[in-house]
Each structure stands twice: as structure tokens, then as C-alpha cells.
Amino acid sequence: MTQRILILPGDGIGPEIVAEAIKVMQVFKDEGIDLDWSIGLIGGVAVDEEGAPYPESTRQAAHNCDAILLGAVGSPKHEGLPRNLRPERGLLDLRKDLDLFANLRPTIVFEELAHASPLKKDSIAGLDLLILRELTGDIYFGQPRGRRRTSDGAEEAFDTMHYSVPEIERIARIGFEAARRRSGRLCSVDKENVLETSRLWREVMIRVGSDYPDVSLSHMYVDNAAMQLLRNPKQFDVLVTGNMFGDILSDESAMLAGSIGLLPSASLNARSKGLYEPIHGSAPDLAGKGLANPLAMILSVGMMFRYTFDRIDLAQRIDSAVRSVLAAGLRSPDIAVSGEKAITTAAMGDAVVSALRS
Ligand code: IPM
Ligand code: MG
């Protein structure tokens, strides 16, 4: 059966890193894996060409494929536009439209790069952490939101943090299942001492947890979790949290790995249809210069094989190819520390391809 992939390069460094992901997919296609891909528009380029960050043509293609690979969205040129025309809106609409509520953000510290992290090598070497971020609820989507004037004429803006029991339950189950396949430990991150949504979140986590007696559930306030991630990240295995806290903690955890250019992600719905994208943004300052690290994008292709196509063998080949280029000393600028020579985006992609072919 042909696996149909929609590729959405997006803005900034998106197209450059996506080009390297395509090289990797071509390796498998050449080996006879039945992959078929097409390219679509999202983000700022979609606003320019179609007048909307998530145009109808992309919406249809997204519904008619098996998996989506996305580069990045966001561009300075579109920053002043109204909220519904911001490039980021395209990504949020895509996530919501396909109900991609479960966002898996693994942080793996490659042995070869432990020295590239600003943290002490001992505290991060061997780290393998999964942040599970709820992706279609919370203050990102809660209504009402907007701006208004108060009765005394002051302008104000407001967003609504919102979670329903079914939304929490389904992400909780994914968290417990993931913990069960890993170390059997799940840490739920909330702000239960302050927020109503977090009180409900914690209640539901505990309730769902009774179906998983083999998993040990703990709870941590998000401010403490932010600190513990730096103090002793290896205490965690799977962290499950809401959309906003997950956004922040996953960028923080990228620094444990050494660079945000290394972290892939998978966003899944209940049918394991997936959107695969690096957790980093469009990095407009790096765009077009061959400076971007394509590894997060390439590792996202690996996650696609693992979670949507059920080809763990191919995912493992991608992971080991990435490890081998790092072991060979190849570095993009973001992970090159003093004295190490950096190579271009395309050269890094080519190196992964030749590791895969050898
Ligand atoms: C991410 C990004 C997005 C988010 C932006 C680009 C809308 O920061 O995927 O983490 O906030 O979810
Ligand atoms: Mg983010």
C-alpha cells in the first residue's frame, strides 16, 4: 500500500531542512518502500500565495494523506498581520483540524554531543526523556479571547485557559501507555496550587492512573519542573503536561540535548495519523545560508516511520545513521563547540544519506 506524505516546507529554514528529509525518504523509496509525496503550502508562504496560512488546498491535502512532514512556520515579514493571518495560525489550525492532540517530544542526549550542552556532562549524559504535550486545548485554543475596553476606557486583552475531562483523559492514556512501554514512571506537570484547569487535570490523571497500576504516577508544579529539568533531568522519564507548559518545557529540554536543532516531534490523533516536525521554529536569521541543522527534521522522518507507518526498523536505521554522523565528528554550526569545524545543512543531510546507504 502506498504511503502518501504531504510535505509542508513552510517558512525560513523550513525548505532547506525539508530538502534533506526528502533525500532521506528517497533512500527508502529506492529500496522499494512504497512512498509517495506531494508538496503544499503553510504559514507565511501560504499567506503570500493563497491569502491564508492554512489554505483550503492544504486542508484537503492534509485530510487525504497518511502523514505530514512540516518544516517550520513564522516570518518577520508577517509579524504585523492580524492573528488569523499570522503564519503560526496555519500550524495551529492544522493541528486542531486534524485533532492532533498528542505531541511527543523526545529529548535524547547523544553521547557524542554531551559536551555541546551548557549543562554539566554528568547530569545529562545518557538522558532519554519524553515530553508528552497536549496540543489542541488549553490557553492556545480556549474561548473567549480577545481585546476590549473596560468601563473606564482602559484597553485589555484576555485568553482563556480551558480543559475538559475528555481532553485530559485521552492525553493521560497516551502518557500512561508511553510510560508502560518505557520505565513505568509518569510525571504529570501542572499548576494545581493556583489554576482550576490544573486541579481538574490532576484529578483526571489520578483517576485514569487507577487503570494503570503498573505505572507510578507523580505530580509536579510546572515552576518546580522547570527547575528540576536543569537540576537533575535524569529523574524524569515521561512528562505529561498541557499545551502551554509543554511548549515552554520542551524548549528548555532542548538545551539538555545541546541544541534545539536536534529535537524532532510527532503530533498524533486517535488514529495515529501524524504531523512530524522539528520543535524549533523558522529561524529567519539562518535561512538561505546553509547554517540550519537538518537533524531534527530528519529524526522527525524517523518518528513518522515509527508511529504512523509502523516501521520501527526504518526509524531505527535513521536514528543510527544520525548517531554515526555525529560519531564521525560531523557538526552543523549549532552543535560545533570551540575548535570543531561546521558543515552545511546539505552536507549534513548527505552524510546521513551515505550512512543509510552503507
Ligand atoms: C512549537 C512552536 C509553536 C507552538 C508555535 C510556532 C505556534 O513554538 O511547536 O513549540 O507554540 O506550539
Ligand atoms: Mg514552542
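What you see is a predicted model, and the numbers here were worked out from it, not measured in a lab.

What follows concerns the overall build of the chain. Scanning the chain for helices and strands turns up twelve helices and twelve strands. Relative to a compact globule of 358 residues, whose C-alpha radius of gyration would be 21 Å, the chain shows 20 Å and is just as compact. With respect to the principal axes defined by its C-alpha atoms, the chain has extents near 65 × 50 × 45 Å. Burial statistics for the chain: of 358 residues in total, 53% are counted as buried.

Glancing now at the packing of aromatic side chains. Under the defined criterion, the tally for this structure stands at four aromatic pairs. Seen from their ring centres, Tyr163 and Trp201 are 5.3 Å apart, and the 55° between their planes marks the pair as tilted. Taken together, the positions of Tyr163 in the loop between strand S7 (155-158) and helix H6 (165-181) and Trp201 in helix H7 (residues 196-209) put the pair 38 residues apart, joining distant regions of the chain. Neither residue differs from the other here; Tyr163 and Trp201 are each classed as buried. Each ring, one from Phe305 and one from Phe309, has its centre 5.9 Å from the other, and the planes form 65°; the classification is edge-to-face. An aromatic cluster is present here, built from Phe28, Phe305 and Phe309 joined pairwise through their rings. The aromatic ring of Trp37 is capped on one face by Lys29, whose charged end is 4.9 Å from the ring centroid. Lying over the aromatic face of Phe101, Arg170 brings its terminal NZ or CZ to 4.0 Å of the ring centre.

We now examine the site of ligand 1. In the region of ligand 1, the neighbouring residues are Glu88, Arg95, Arg105, Arg133, Tyr140 and Asp247. The side chain of Arg95 places a nitrogen or oxygen atom 2.7 Å from an oxygen atom of ligand 1. Within the side chain of Asp247, one N or O atom sits 2.9 Å away from an oxygen atom of ligand 1. Contact with the protein chains hides 79% of the accessible area of ligand 1, taken as 320 Å² for the molecule alone. In a pocket analysis with a 2 Å cut-off to the grid points, ligand 1 is assigned to the largest pocket. Looking at the shell around ligand 1 residue by residue, the classes come out as one nonpolar, no polar and five charged.

The space that makes up the largest pocket amounts to roughly 730 Å³. Surrounding the largest pocket, 31 residues form its lining, Glu88, Leu91, Leu92, Arg95 and Tyr140 being those nearest its centre. Of all the elements in the fold, those that place two or more residues in the lining of the largest pocket are strand S3 (67-72), helix H4 (87-97), helix H9 (243-257) and strand S12 (274-278). Broken down by element, the lining of the largest pocket gets its largest block of residues, five residues, from H4.

Below, the discussion takes up helix H12 (residues 345-357). The first and last C-alpha atoms of H12 sit 19 Å apart over 13 residues, in line with the 18 Å expected at 1.5 Å per residue. Its buried side turned inward, H12 meets helix H1 (14-30), helix H10 (295-307) and helix H11 (312-327).

Cut-offs applied
Residues numbered from 1 in each chain as written. Chains lettered and ligands numbered in written order. Predicted model: local features only at pLDDT ≥ 70, side-chain atom pairs only at ≥ 80, totals over all residues. Heavy atoms only, no water. Helix = DSSP H or I, 4+ residues; strand = E, 2+ residues; numbered from the N terminus. Rg over C-alpha atoms; globule rule 2.2 N^0.38 Å. Buried < 20%, exposed > 50% of the residue type's maximum accessible area, 1.4 Å probe, protein only. Phe/Tyr/Trp six-rings, centres within 6.5 Å; stacked < 30°, edge-to-face > 60°. Lys NZ or Arg CZ within 6 Å of the ring centre and 35° of its normal. Near = heavy atom within 4 Å. Polar contact = N/O pair within 3.5 Å; in protein donor to acceptor, adjacent residues only side chain to side chain. Areas by Shrake-Rupley, 256 points an atom, 1.4 Å probe, with all protein chains shown as cover. 1 Å grid on protein atoms, 1.4 Å probe; cavity = no way out; pocket = protein on both sides within 12 Å on 5 of 7 lines; lining within 4 Å. Sits in = over half its atoms within 2 Å of the grid points. Nonpolar A, V, L, I, M, F, W, Y, C, P; charged D, E, K, R; others polar. Points joined across faces, edges and corners; volume = space filled by probe spheres on them. Expected span 1.5 Å × (residues − 1). Contact = heavy atoms within 4.5 Å.

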